[in-house]
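# Chain and residue survey
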Amino acid sequence: KLPESLGRLKFLRSLDVRGTKVTTIPQGVTKLERLRHLMAGNGMLHDDDNTISSLPSRPCFSWRAMSSISARKLARKLTVSSSIGKHSGVWLPDGFGRLKSMHNLGTVDVGNDGQRILKDISKLAGLTSLEITELTDRDGPEFCNMIHELVSLRDLEVRSRSGRSRSLHCLNMIESPPTHLITLRLCGHLGRLPSWIGHLQDITKIKLLATELEQDAIEMLGDLPNLTGLHLWRMSYIGRELRLGTG
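All values derive from a computational prediction rather than experimental measurement. Each chain has its residues counted from 1, running along the sequence as written. Per-residue local features of the predicted model are confined to residues with pLDDT of at least 70, and side-chain atom pairs are confined, for both listing and counting, to 80 or more; whole-chain, interface and lining totals are unaffected and use all residues. In computing side-chain properties, one takes all heavy atoms of the structure into account and sets aside hydrogens as well as water.

What follows concerns the environment of Ile132. Along the polypeptide, Ile132 turns up in strand S5 (residues 129-135). Relative accessibility thresholds used throughout: buried, under 20% of the residue-type maximum; exposed, over 50%; partly exposed, between the two (1.4 Å probe, protein chains only). Overall, the relative accessible area of 0% leaves Ile132 in the buried class. C-alpha of Ile132 to C-alpha of Leu156: the two residues are 24 residues apart in sequence and 8.2 Å apart in space. Beyond its immediate stretch of four places on either side in the chain, Ile132 contacts Thr107, Val108, Val110, Leu118, Phe143, Met146, Glu157, Val158 and Arg159. By definition, any uninterrupted DSSP run of H or I lasting at least four residues is a helix, any uninterrupted run of E lasting at least two residues is a strand, and each is numbered from the N terminus. In this description, contact between two residues means that some pair of their heavy atoms is separated by no more than 4.5 Å.

We now examine the confidence of the model for the protein. With 79% of its residues at a pLDDT of 70 or more, the protein has an overall mean of 83. Predicted confidence is poor over residues 47-72, with pLDDT under 50, and the contacts of this stretch with residues over four places away or in other chains come to 54 contacts. The pLDDT score gives, residue by residue, the confidence of the prediction method on a 0 to 100 scale.

Tracing the backbone through its elements, the reader meets Ser236 in the segment after strand S9 (229-232). For Ser236, a relative accessible area of 0% translates into the label buried. For this analysis, a polar contact is any N or O atom pair within 3.5 Å, provided that within protein one partner can donate a hydrogen and the other can accept it, and provided that sequence-adjacent residues contribute only side-chain to side-chain pairs. At 2.6 Å, the side chain of Ser236 and the backbone oxygen of Trp233 are in polar contact. What Ser236 contacts, discounting residues up to four positions off in sequence, is Leu208, Leu209, Ala210, Thr211, Glu212 and Leu213.

A separate point is the packing of helix H1 (residues 114-121) against helix H2 (residues 140-149). Each axis is a line fitted through C-alpha atoms, taken for helices only over the stretch in contact, and angles between the N-to-C directions span 0 to 180 degrees. At their nearest, the axes of H1 and H2 sit 9 Å apart, and the two run at 5° to each other. It follows that H1 is roughly parallel to H2 by the angle criterion. Contacts from Gln115, Leu118, Lys119 and Ile121 in H1 reach Glu142, Phe143 and Met146 in H2. When its residues are assigned to classes, the contact of H1 with H2 shows four nonpolar, one polar and two charged. Should an angle fall under 35 degrees it is taken as roughly parallel, and over 145 as roughly antiparallel, whereas 65 to 115 is taken as roughly perpendicular and any remaining angle as oblique. Gly counts as polar in this scheme, as do all residues outside two lists: the nonpolar Ala, Val, Leu, Ile, Met, Phe, Trp, Tyr, Cys and Pro, and the charged Asp, Glu, Lys and Arg.

Burial analysis of strand S6 (residues 155-160) places six of its six residues in the buried class, which makes it a mostly covered element. Note: S5 against S6, five bridges, orientation parallel. If you follow Leu130 over to S6, its bridge partner there is Leu156. Since S5 and S6 lie parallel, the crossover through H2 that links them has a hand, and here it is right-handed. Whether two strands pair depends on DSSP finding at least two bridges between them. Here S6 pairs with strand S7 (residues 183-187) via five bridges, running parallel. When the sheet's bridge partners are listed, Arg159 is paired in S7 with Cys187. Here the term right-handed applies to a crossover when the path leading from its first strand over the helix to its second strand runs clockwise, the strands being oriented away from the viewer.

Encoded structure:
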């Protein structure tokens, strides 16, 4: 547990409590007007280049890479992994939206008091990196409003609530996605990718977990001109064979 006296560190710019048992950010943190980076909880892997260098011996599906695939047509790197890892986030106090200097924020648990927390985050106009977990369809409208306000986002991670209701269908409600998004990580059932993902012209890396996509969704990603990394984790694709080209 972090002490309330943390709010006295008025020159603090970075707070990193990842890998600890901290689940709640104290109210005192809302006084840290210079805070730019708050890193907590455990998100999806950020750099698979060092952790997953090849296909696992038993991947989540059998696959075949066709010889005619081009780097510009799909990704220059494909990673298939059966690992998931444990994810967790932290609860944010009321008034967190006052921290206008915030650039990097994650991982935030919106499972309880989600609408209030999402509304607070939407006030952080300078936010460039955001990780959210325990999102439900019930909070979908407020989540979409938040995304509309965060025009500077470059890195986004969204995970649904765990359990049977593991759904990210609320992503289909987004009308104004971050146009300059570079990295996108999604964990939760989709079935089909939201259409706006196909218009992310600056996106370079996409990581998917438990999305249960089919072949046509993967083909849509092939039209992204700058995509260089596609990472498919367990249950991200439910087909028996992944086709990356024709011929």
